[in-house]
Amino acid sequence: MRTFLILLTRELRSFFYSPVAYVVIALVMIINGFSFRAAVAILERGPQQGSLVSWTFHSQWFWLSYFFIFPLLTMRLFAEERKLGTFETLFTAPVRTWQVVWSKYLASVVLYCLIWVPSLANFFIFESMTAGATEIPHGSLYGIYLLIFVMGLFNLAAGCFASALTSNQIVAAVLSFTISLMHYLLGVFVLYLGRRIPEQFVELVHYIATVEHIRVFTYGLLDSRPIAYYLSLAFVFIIGTHQVLEFRRWRV
Amino acid sequence: MIDVQNLTKTYVGKTAVDGLSFKVEPGEVVGFLGPNGAGKSTTMRILTGFLSPTSGTARVNGFDVFHQSIDARRSLGYMPENAPLYMDMRVKEYLQFRGAIKGLSGSLLRKRVGEVMDACALTEVRRKIINNLSKGFRQRVALADALVGKPPLLILDEPTNGLDPNQIRHVRELLLAFKGRQTILLSTHILSQVEQTCDRVLLLHQGKLRADDTPQNLVRKLRAASDLHLEVSGGTGFEEHLAKVTGVRKITAEKQEGNWSHFTLRIEARTDIREAIFDLALKNRWQIRELRRELPTLEDVFVELTHV
Ligand SMILES: Nc1ncnc2c1ncn2[C@@H]1O[C@H](COP(=O)(O)OP(=O)(O)OP(=O)(O)O)[C@@H](O)[C@H]1O
Ligand SMILES: [Mg+2]
């Protein structure tokens, strides 16, 4: 546990040694400002269905920030060590592979949470500035942030996996982006196919569709299935990362 | 300290280490030699638990490097080839991190980091970012890292690779200072260094052990004969005269320089004919400009055992 904390500290520090952390935080802050503004603009036009929260997370701006966060946060984690050769010093010290995997993963999760703090603050600042004149449904606000958190757990785990596969950070980033995007597209392609497909299939796709999850959660509904779904996917990718790193020690 | 039995490592379609067996006793300084691609680094990576052996076993400090990897790793300090380091950290910070994951903490950690920075002459650069250090300093940071946990065994893969002569000497002195107190397995291509520092030499070629002996014994055993360089003038028929001296096996005439003739004589093992040559020259009124015996070196042994 001590070793794990030492590794975690190093990972977190190294995020802040490189400009990546600051750039990502700043960019996401700006983009979220845009999506928040877009939501406010819609509500200004008159009575609408949906709240400030649901409009914010349905804007294209949100998706823009969503996809580039994960590659930027995770591409460095393993690929850089592989490239520098520091895997050799790391894994010949008395540390276990799971400690390395979880410390890197958790560091990226911590940073991911930090990234969303300013956007959450948007809502509270807005609420206090308008002195309660706007109605912000707190249930759906917390719901959507919970969802963003677990979606992050999955996407970051996929990013870790991609990073562990290669020594090239660009390749890792592209791979991580591809996984996230494919997963997203899998969820939306039904919308474009219309209703020409069997009902059970639509059900199944809704089960994994990120857009659908966001719709449900921004309406203030709490569904445990998506949460379980993302957590188990995250777990699968972390196990995968562990296996990739252990591969060199396999006896065939 | 190290016990390797029948170690074999096969990469995809390539056998890098082939049935290797050797032992290293506590306190020994062992040189690990071999041409490029002989399998030295591969063996070291297995010993440090970074790679798994394809077959065979290896024990470090009594712990199996595969099944009791963590315990084995606690007993050793490893400096990989090319000294990989975290480039974004500062020297002291890096050593503190490394010391901490090797189980040190609190005042002991601070003390050890201070000690190894002194030993490796890093105190001046302790606040510098590793990326901005020269190669020699990086190499020393990696060496300090290997030392920081005070392990009973050091495994150093080409610790002097890429250093200038002063630095090489510095590392050599550092190693000599550990002699007797610490077990060291080091690979290097600088054979003069091996002759000066190592108690024993393991010579690897194409993954197989070719020699396992003290440097002196290797030199003595492997080259039956030594060479004598002679430059003479003031006479004729040198070769016929020299051939009659007992102990001369073969005479090679080298290039002539003015009226000086240069010969290389191959001499029987454990004989010294320099006095006989001098007497011969005196008798025939030759002049001698050079009479030099060339003792075979570890380099000759290396070339003899590994050239293809
Ligand atoms: N990851 C790898 N995959 C495939 N082959 C490898 C790998 N690493 C090393 N080899 C091969 O194994 C052999 C032994 O390599 P090794 O690095 O152990 O040699 P070495 O004795 O350390 O050489 P050098 O003196 O150049 O450092 C080489 O032929 C090399 O090409
Ligand atoms: Mg090598």
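Residues numbered from 1 in each chain as written. Chains lettered and ligands numbered in written order. Predicted model: local features only at pLDDT ≥ 70, side-chain atom pairs only at ≥ 80, totals over all residues. Heavy atoms only, no water.

Quick look at the sheet that holds strand E2 (residues 14-24) of chain B now. Residues and elements named next belong to chain B. Spatially, E2-E1-E4-E5 is the arrangement adopted by the 4 strands of the open sheet, whose pairing is antiparallel. Single-partner strands in this sheet number two, and they are E2 and strand E5 (63-64). Where strand E4 (residues 55-60) meets E5, 2 bridges bridge the pair, whose relative direction is antiparallel. Paired with arginine 59 across the bridge in E5 is aspartate 64. Sitting on the sheet, helix H1 (residues 40-47) is in contact with strand E1 (2-11), E2 and E4, with an inclination near 115° to E1. (Pairing = 2+ DSSP bridges. Helix = DSSP H or I, 4+ residues; strand = E, 2+ residues; numbered from the N terminus. Contact = heavy atoms within 4.5 Å. Axes fitted to C-alpha atoms, helices over the stretch in contact; angles between N-to-C directions.)

Summed over all chains, the structure comprises 18 salt bridges over all chains. Between B:Arg112 and B:Glu115 there is a salt bridge, with its nearest N and O atoms 2.5 Å apart. Residue B:Arg112 and its partner B:Glu115 are both found in helix H4 (residues 106-119); the two are separated by 3 residues, about one turn of the helix. Given the relative accessible area of 31%, B:Glu115 is considered partly exposed. A single network of salt bridges, built from pairs that share partners, joins A:Arg10, A:Glu11, A:Glu81 and A:Lys104. (Salt bridge = Lys/Arg side-chain N within 4 Å of Asp/Glu carboxyl O. Buried < 20%, exposed > 50% of the residue type's maximum accessible area, 1.4 Å probe, protein only.)

The next point concerns the confidence of the model for chain A. Per-residue confidence for chain A gives a mean pLDDT of 85, with 96% of residues at or over 70. Considering each helix and strand of chain A separately, the mean pLDDT is smallest for helix H9 (residues 199-208) of chain A, with a value of 72, and largest for helix H5 (residues 86-90) of chain A, with 93. (pLDDT = per-residue confidence, 0-100.)

Let's shift gears to the sheet that holds strand E12 (residues 248-253) of chain B. The pairing of strands in a sheet comes from backbone hydrogen bonds and takes either a parallel or an antiparallel form. Residue and element names in this part refer to chain B. Reading across the sheet, the 4 strands line up as E12-E13-E11-E14 and stay open at both edges, with antiparallel pairing between neighbours. Of all the strands in the sheet, the pair left with one neighbour each is E12 and strand E14 (287-294). In this sheet, neighbouring strand axes are inclined to one another by 20° on average, regardless of whether the strands run parallel or antiparallel. Both strand E11 (residues 226-233) and E14 contribute to a ladder of 7 bridges, which runs antiparallel. Along E14, the bridge assignment pairs glutamate 231 with glutamate 290. Of the strands in this sheet, E11, strand E13 (261-267) and E14 are in contact with helix H10 (residues 274-284), which crosses E14 at around 170°.

Residues and elements named next belong to chain B. Backbone geometry at asparagine 6 places phi at a positive 50°, although glycine is not the residue there. By secondary structure assignment, the location of asparagine 6 is in strand E1. Positive phi is not limited to glycine here, since glutamine 206 has a value of about 50°. Positionally, glutamine 206 belongs in the loop between strand E9 (200-205) and strand E10 (208-213). Classification of glutamine 206 by relative accessible area gives exposed; the value is 53%.

The next subject is the coordination of the magnesium ion (ligand 2). Where a metal carries four tetrahedral donors, each ideal angle is 109.5 degrees; where it carries six octahedral donors, the ideal angles are 90 or 180 degrees. Residue and element names in this part refer to chain B. Taken together, the protein ligands of the magnesium ion (ligand 2) are Ser41 (OG) and Glu81 (OE), with distances of 1.9 to 2.5 Å. In this pair, serine 41 is assigned in helix H1 and glutamate 81 in the loop between strand E6 (76-79) and helix H3 (91-101), connecting sequence segments 40 residues apart. Since its relative accessible area comes to 25%, glutamate 81 is described here as partly exposed. (Donors = N, O, S within 2.8 Å, 3.2 Å for Na, K, Ca; no water.)

On to the interface of chain A and chain B, then. Contacts between the two partners involve 26 residues from chain A and, on the opposite side, 37 residues from chain B. Both faces considered, chain A and chain B share a buried interface measuring about 2900 Å² in area, 56% of it formed by carbon and sulfur atoms. At the boundary of chain A with chain B, the tally comes to 2 salt bridges. Between A:Arg13 and B:Glu93 there is a salt bridge, with its nearest N and O atoms 2.7 Å apart. The tally of links from chain A across to chain B stands at 11 residue pairs in polar contact (both at pLDDT 80 or more). Those elements giving two or more residues to the side of chain A that touches chain B turn out to be helix H1 (2-17), helix H4 (60-84) and H5 of chain A. With 8 residues, H1(A) is the single largest residue contributor to the side of chain A that touches chain B. Tallied by class, residues from the side of chain A that touches chain B come to 11 nonpolar, 6 polar and 9 charged. (Buried area = accessible area lost by both parts, 1.4 Å probe. Polar contact = N/O pair within 3.5 Å; in protein donor to acceptor, adjacent residues only side chain to side chain. Nonpolar A, V, L, I, M, F, W, Y, C, P; charged D, E, K, R; others polar.)

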